Amino acid sequence: MKYLVKKTYTATRDSKHYDEGHTETWYTAKGLSFSELCDYIKDYAWSRKYFAEKYIQDDKDFETRMQQNYWKIDYEIIEIEG
């Protein structure tokens, strides 16, 4: 198995460019982000779940430091065939 992180962004009331509730979904692997799942994304997927979990924690820490309240972000680890 390989692992990706699915990030779902939901615009908040504080968003300057999107209506509240607008959503966008991105898939992240090894520092690259894709707006949709594609065949070659597995080439960039993490080989261990630990790395996906670490990415999520680091990203949450970054978002907290930036203190931007424009988006609510939900994270999910996706398993794919490798």
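A. Representation of the packing of aromatic side chains in the model. Taken as a whole and assessed by the stated rule, the structure comprises six aromatic pairs. Ring geometry for Phe 34 against Tyr 40: centres 5.8 Å apart, planes inclined by 70°, an arrangement best described as edge-to-face. What makes Phe 34 buried here is its relative accessible area of 10%. Members of the aromatic cluster, connected to one another through ring pairs, are Tyr 9, Tyr 18 and Trp 71.

B. Local environment of the environment of Ala 11. Among the secondary structure elements, Ala 11 is positioned in strand β1 (residues 2-11). Between the alpha carbons of Ala 11 and Tyr 70 there is a distance of 5.9 Å; along the sequence they are 59 residues apart.

C. Up close: the pairing of β1. Across the ten residues that make up β1, a large majority, seven, are buried. For β1 and strand β4 (residues 71-80), the ladder comprises ten bridges, and the chain directions are antiparallel. Paired with Lys 7 across the strands is Tyr 75, a residue of β4. Here six bridges tie β1 to strand β2 (residues 23-29), and the two strands are oriented antiparallel to one another. Counted as the bridge partner of Lys 6 is Tyr 27 from β2.

D. Structural context of helix α1 (residues 49-66). When the terminal C-alpha atoms of α1 are compared, their 26 Å separation across 18 residues agrees well with the 26 Å that a helix rising 1.5 Å per residue should span. Among the residues of α1, Ala 52, Tyr 55, Ile 56 and Asp 59 are the ones counted as buried. One side of α1 carries all its buried residues, which in axial view fall inside an arc of 100°. Exposed residues on α1 whose side chains face more than 90 degrees from its buried face are Thr 64 and Arg 65. Looking at the buried side of α1, the elements it contacts are β1, β2 and β4.

E. Here's a closer look at the pattern of salt bridges. Tallied over the full model, the rule gives three salt bridges. A salt bridge links Lys 7 to Asp 59, with the shortest nitrogen-to-oxygen separation between them at 2.9 Å. With Lys 7 in strand β1 and Asp 59 in helix α1, this pair connects stretches of sequence that are 52 residues apart. Residue classification places Lys 7 among the buried positions, given a relative accessible area of 4%. Note that Asp 58 and Lys 54 form a salt bridge whose closest N and O atoms lie 3.0 Å from each other.

Cut-offs applied
- Residues numbered from 1 in each chain as written.
- Predicted model: local features only at pLDDT ≥ 70, side-chain atom pairs only at ≥ 80, totals over all residues.
- Heavy atoms only, no water.
- Phe/Tyr/Trp six-rings, centres within 6.5 Å; stacked < 30°, edge-to-face > 60°.
- Buried < 20%, exposed > 50% of the residue type's maximum accessible area, 1.4 Å probe, protein only.
- Helix = DSSP H or I, 4+ residues; strand = E, 2+ residues; numbered from the N terminus.
- Pairing = 2+ DSSP bridges.
- Expected span 1.5 Å × (residues − 1).
- Arc of directions from axis to C-beta.
- Contact = heavy atoms within 4.5 Å.
- Salt bridge = Lys/Arg side-chain N within 4 Å of Asp/Glu carboxyl O.

So far we have only geometry, and geometry alone does not tell us how the molecule works.
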